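Fold and geometry: a report
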Amino acid sequence: MTSDGGSGAAAIRVEGVSHRYLPARGKPVLALDHVSLEVREREFLALLGPSGCGKSTLLYLIGGFLPIGEGLIEVGGKRVSEPGPDRGIVFQHFALFPWKTVRENVTYGLAKQGLPRDEQTRRAQEFIDLVKLSGFEDAYPAQLSGGMKQRAALARTLAIDPAILLMDEPFGALDAQTRILMQEELLSIWQRRRKTVVFVTHDVQEAVYLAERVAVMSARPGRIKEIVDTRFSVSGPALFKSPEFVERVDHVWNLVRGEAIAAQGGAA
Amino acid sequence: MTATLWRYTPLLLIFVIWEAGTQTGIISKWALPTFSAVVAAWLSLMQGGELLYHAAASLMRGFAGLGLAIIVGTTLGVLMAWVKPVRLIFNPIVQLFYPMPKSALIPIMILWLGLGHASKIVLIFLGCMLPVTISAFNGARGVEPVLIWSARSLGATRGQVLREIILPAAMPEILAGIRTALALSFVLLVSSELVIAREGLGYLIGWLGDGGVYASMFAVVLTVAGLGFVADRLYLMLMKRSLAWRE
């Protein structure tokens, strides 16, 4: 089942958003320059670009974590002004509450929804099982490996059932094997519980593999350079070897390469 | 257990040298009574009940002052870190009073609050509050934004974030600040009681010293040192337990 590209209202609408940040010393830097983007209901969209292109900043703006200086962001037709449980987030460095156990981390958001305690525990267990962390309910984050921490963070976010899942290079801190495993698990979870996903990454292959559409961003100041359709007739591991996948990766890679070089030049 | 014993051997050595030095006359008995005389004096002070009476008065003052300092200091520090108006109002006050020697406040406190408990409790409270405030401030400022953002997107309100995320995340620093305050509370306690009081260990030290009962005076000084040491050890144990999540 593939989602119909033309159908579905916009889950997220970004219109003419610019963002400047003030470094500790020096003049304001333009990180995003009049970015416009629509993310469709229940689609998996990747934001791809070289480091420093503002892709994480755009994600944080959608999350409501940073003030929107210029432009407009709407989620579900409502203007974003602060964070909310309709937009779950998963960070690169997990951001688990280190003084809470895995179970306590997962129940945190459930308690905020006012669920009775036994219902919290039941639901937490359901999602801990979903991310295959059974047996580690009472472990503290410091006792877990990187991959396990990210599973716990994912369970914590999925448990509150947000309509939108924001992911900020979630597998960037993991080793190669764990990363591939986590990608497959994320896809299989997403196929079972369709959500709107905005997935920030600088890994071309990851973006093309996971997403239905890849929005390629330019080097600073960030703009959406091109949006590439990355839905394929093949699925699963066979996809990596299919000519259409290879061709699409190549195309996206060419788009990004120029920007990566520009970013390097800008940094020098 | 044996490891602990070995660790405190140097301390034991000091007592042995003390006893030997004073018994042989190498150290003048006028400067330092023999260790055995001090122990004997300590036992008689315990039997007479004076030591317990004065220790209880001191400990009550210490706990009250330190307890207040922990509650107010932590609250103020966390609020200063995350509520701008609070920071703007209190930051200059904290900056001004932090380097000031708090013992300078002793005469003022006595003038305002008299010779009893209140002047000591308020002095300890004021002196111990600032290290707690500053450690809570630094701890709360250092909280990673992603923790706050995670909590907010899980449905926490701003107030809940302060209590449920910022406070526990700052706890390692707050607990370290409280340890400094604990040591400081003993300093302030004894020095204020030495200056003027009607009971307490500091008062007892001054009274015995003025009366020339040096063996007893040393016994009380050692008691203060011992109490400080035990308090610090107990506190460290508590701290380790509550930070077990850090591995």
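Residues numbered from 1 in each chain as written. Chains lettered and ligands numbered in written order. Predicted model: local features only at pLDDT ≥ 70, side-chain atom pairs only at ≥ 80, totals over all residues.

Once that is clear, we can look at the overall build of chain A. Helix and strand counts for chain A come out as seven helices and 10 strands. Relative to the globule expectation of 18 Å for 268 residues, the C-alpha radius of gyration of chain A, 19 Å, shows essentially globular dimensions. Taken over 268 residues, chain A has a buried fraction of 41%. When contacts within chain A are restricted to residue pairs at least 6 apart in sequence, long-range pairs at least 24 apart make up 69% of them. (Helix = DSSP H or I, 4+ residues; strand = E, 2+ residues; numbered from the N terminus. Rg over C-alpha atoms; globule rule 2.2 N^0.38 Å. Buried ≥ 20, exposed ≤ 12 C-beta atoms within 10 Å, placed from the backbone. Contact = placed C-beta atoms within 7 Å.)

Before going further, it helps to examine the environment of R233 of chain B. Residue and element names in this part refer to chain B. Position of R233 relative to the elements: it lies in helix α11 (residues 214–242). Exposure remark for R233: the 10 C-beta atoms within 10 Å place this residue in the exposed category. Counting along the chain gives 60 residues from R233 to E173, while the straight-line C-alpha distance between them is 18 Å.

Further remarks concern the interface of chain A and chain B. With 22 residues of chain A in contact, the opposing surface of chain B contributes 14 residues. Elements supplying a minimum of two residues to the side of chain A that touches chain B: β6 (87–90) and α2 (102–112) of chain A. Taken together, the residues of the side of chain A that touches chain B sort by class into 13 nonpolar, seven polar and two charged. (Nonpolar A, V, L, I, M, F, W, Y, C, P; charged D, E, K, R; others polar.)

Let us now look at unusual backbone geometry. What is expected of a backbone is that most residues other than glycine have negative phi and most peptide bonds are trans. Residues and elements named next belong to chain A. Although it is not a glycine, R42 sits at a positive phi angle of roughly 60°. Take R42: there are 18 C-beta atoms within 10 Å of it, and that puts it in the partly exposed class. For D161, which is not a glycine, the phi torsion comes out positive at approximately 55°. Tracing the backbone shows D161 in the loop between α4 (146–159) and β7 (164–168).

All names here are of chain A. According to the domain assignment, chain A contains domain 1 (10–86 + 162–261) and domain 2 (93–160). The C-alpha centroid of domain 2 is placed 25 Å from the C-alpha centroid of domain 1. If you look at the interface, domain 1 gives 10 residues, while domain 2 gives eight residues. In the side of domain 1 that touches domain 2, the residues fall into nine nonpolar, one polar and no charged. (Domains from an automatic or database assignment.)

Here we come to the pairing of strand β4 (residues 70–75) of chain A. Residues and elements named next belong to chain A. Relative to β4, strand β1 (residues 10–21) runs antiparallel, the two sharing five bridges. Pairing of R13 across the sheet is with E74, part of β4. Where β4 meets strand β5 (residues 78–79), two bridges bridge the pair, whose relative direction is antiparallel. Pairing of V75 across the sheet is with K78, part of β5. Between the end of β4 and the start of β5, which pair antiparallel, lie two residues, with G76 showing a positive phi angle near 60°. (Pairing = 2+ DSSP bridges.)

Here we take up the sheet that holds β5 of chain A. Strand pairing in a sheet relies on backbone hydrogen bonds. The paired strands run either parallel or antiparallel. Reading across from one edge, β2-β1-β4-β5 (chain A) is the order of the four strands in this open sheet, with antiparallel pairing throughout. This sheet does not close on itself; its edge strands, each paired only once, are β2 (29–40) and β5 of chain A.

Moving on: the pairing of strand β9 (residues 213–217) of chain A. All names here are of chain A. Within β9, four of the five residues are buried, which leaves the element mostly enclosed by the surrounding structure. The sheet contact formed by strand β3 (residues 44–48) and β9 spans four bridges and is parallel. Residue pairing for β9: L45 is matched across the bridge by R213. Counting the residues between successive antiparallel strands, the hairpin from β9 to strand β10 (residues 224–229) contains six residues.

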